[in-house]
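Read off the chains here:
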Amino acid sequence: MNTDTIAASATYPGMSGIGIVRVSGKDAIGIVSDIFKSKNGKKLSELKNRMMYYGWIVDPEKDKVADEVLVVAMKGPNTFTKEDVVEINCHGGIVSVEMILGILISRGARLAERGEFTKRAFLNGRIDLTQAEAVMDLVSSKTRNSFDLSLHQLEGRLSKEIRNIRQSLMDLISQIEVNIDFPEYDEEEMTVENIKNISREILKRFDKLIKSADTGKIYKEGIKTLILGKPNVGKSSLMNYLLNENRAIVTEIPGTTRDTIEEFVNLAGVPLKIIDTAGIRYTDDEVEKIGVKKALDKINEADLILMIFDASKALEGEDIMIIKEIQDKKVLYLLNKTDLPEKIDFENFHKIKEEVIKVSIKGNRGLEKIENKIKEEFLKGALDVDDDIIVSNMRHKNLLMKARKSIEEVLESIEKSLTLECLEVDIMNSLEFLGEITGESVRDDLIDKIFTEFCIGK
Ligand SMILES: Nc1nc2c(c(=O)[nH]1)N(C=O)[C@@H](CNc1ccc(C(=O)N[C@@H](CCC(=O)O)C(=O)O)cc1)CN2
Ligand SMILES: Nc1nc2c(ncn2[C@@H]2O[C@H](COP(=O)(O)OP(=O)(O)OP(=O)(O)O)[C@@H](O)[C@H]2O)c(=O)[nH]1
Ligand SMILES: [Mg+2]
């Protein structure tokens, strides 16, 4: 285990009220004791645990005050990392934090890697891997719902459910082993029925968790929403309306938007990642061509497409080309510019004619229908963030699917009348996958990879 002492800024570098430098490891208190001059003259190591003290960080080499600070020492194991932790609250901005880090490093601390404080909390057993991942997700949350999902995960809701499933699997194994060890009891018939029933129950619990990931993905990643249409239909106007900001350039000239523009918007609790695109048409303009290609390339990865038609123009070849490109996707058809005399005719497109939402972006009419429709499409049947266990991490979802498959194999093996030992192997595999979620059975390189995606100082 790593026992060296690490240090990093816990606050974002820049103009802020205060900056916090966090130090963790066996020498944390000793190192800071040497450079902290408290107002009452006592050494940090002699001061009260978890009490915050006023004083100065002094650069011992230069014998010069580096900054006026508040310092708190927390003795392990009751700390974030379970090691001794010291937090130095200095003035915000980049100079003080950098200076204090420099002094700490010259006294034997080492700059922490990304996520290393949380990694230590995990390696030292205070939290499991799902909880460590939740710490990271909290920091990157953009909406209240996704924050709450992570907070519940940090509280250990998912860990607890996985522990419960593991327990059921373990019970299953002990049942089997009784039979293997004492075959003379000849209870095999009954055991097999029992195993089937318990396995089916476990499958249901897996299904519930796996299904919850649909809701989790929406809240965590947002609905990837692509705005498409031929030039000048009002795509950028819609983008600006949804963002409530003049983000994209709008002009009466067709072909105004060249590059794709991506922005995140919280639409009454529904997170959308909106992508405005270049109007799609056949063009000889080299720059525009690239934009059109980019727009078409985005279709594949979109969760939702907002396809806009211009009511004041006839349906054209470009419209029909786009309709064909997106026929396998989830699409909301919008008919814009309904304030103008209507020229469009959906004659050969009855489905679109029925579904199309009539709006006037310029006239601010009918736009609430878009929001309602999106909610209906994506959040109908969505789980409750506060009441349900929601899987919001794709790593967890994939492992749950693997763990589920192993239990399906148990049932298949029973159908094929395979031996009890074979069933045991399947159950063990399932346990192994669950252990990878919580971190009990996970390779070191994978752990390293997970934590390097964290931010510095976390
Ligand atoms: N100043 C400061 N604020 C912070 C953090 C921090 O590390 N420092 N946190 C960092 O993310 C978050 C709070 N999370 C924390 C989680 C556990 C412990 C901790 O010391 N746990 C001990 C003792 C608990 C107790 O007092 O009962 C333990 O679990 O044993 C501290 C902070 C947010 N705010
Ligand atoms: N009459 C009317 N004009 C609108 C409406 N919505 C947008 N427009 C106008 O249509 C023109 C084109 O709007 P944009 O939002 O730039 O259209 P776009 O689809 O992004 O166009 P490109 O980027 O060129 O593909 C602008 O002059 C808008 O003011 C509407 O509801 N009614
Ligand atoms: Mg545009």
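Residues numbered from 1 in each chain as written. Chains lettered and ligands numbered in written order. Predicted model: local features only at pLDDT ≥ 70, side-chain atom pairs only at ≥ 80, totals over all residues.

Draft legend 1. Inspection of the UniProt feature "binding site: K(+)" (unreviewed entry) in the protein at higher detail. Residues given the UniProt feature "binding site: K(+)" (unreviewed entry) here are Asn-232, Thr-251, Ile-253 and Thr-256. These annotated residues cover 25 residues of sequence, and their C-alpha atoms all fall within 8.1 Å of one another, placing them together at a single site. Relative to the helices and strands, Ile-253 resides in the loop between α8 (235-243) and β9 (261-267). A residue is classified by how many C-beta atoms lie within 10 Å of it, and Ile-253, with 9 of them, is exposed. By the element assignment, Thr-256 lies in the loop between α8 and β9. Apart from residues no more than four positions distant in its own chain, Thr-256 is found in contact with Ser-236, Ile-249, Val-250 and Thr-251. (UniProt positions renumbered as here; feature names shortened; annotations may be inferred. Helix = DSSP H or I, 4+ residues; strand = E, 2+ residues; numbered from the N terminus. Buried ≥ 20, exposed ≤ 12 C-beta atoms within 10 Å, placed from the backbone. Contact = placed C-beta atoms within 7 Å.)

Draft legend 2. Here's a closer look at the nonpolar core. Core analysis: the largest hydrophobic core is formed by 95 residues, its most contacted members being Ala-7, Val-23, Val-32, Val-86, Ile-88, Ile-100 and Ile-227. In terms of residues, this core owes the most to one element, helix α7 (residues 188-221), which gives 7 residues. Aside from chain neighbours lying at most four places away, what touches Val-32 is Val-23, Leu-44, Val-71, Val-86 and Ile-88. (Core = buried A, V, L, I, M, F, W, Y, C linked by C-beta atoms within 7 Å.)

Draft legend 3. Focus on the UniProt feature "binding site: (6S)-5-formyl-5,6,7,8-tetrahydrofolate" (unreviewed entry) in the protein. If you check UniProt for "binding site: (6S)-5-formyl-5,6,7,8-tetrahydrofolate" (unreviewed entry), the listed places come out as Arg-22, Glu-87, Arg-126 and Lys-458 in our numbering. For Arg-22, the position within the fold is in strand β2 (residues 18-24). Of the residues examined, Arg-22 has 21 C-beta atoms within 10 Å and is grouped as buried. What Arg-22 contacts, discounting residues up to four positions off in sequence, is Ala-7, Ala-8, Ala-10, Val-85, Glu-87, Phe-117 and Gly-457. Within the secondary structure, Glu-87 is located in strand β6 (residues 85-91). Setting aside anything within four residues of it in sequence, one finds Glu-87 in contact with Ile-20, Arg-22 and Val-72.

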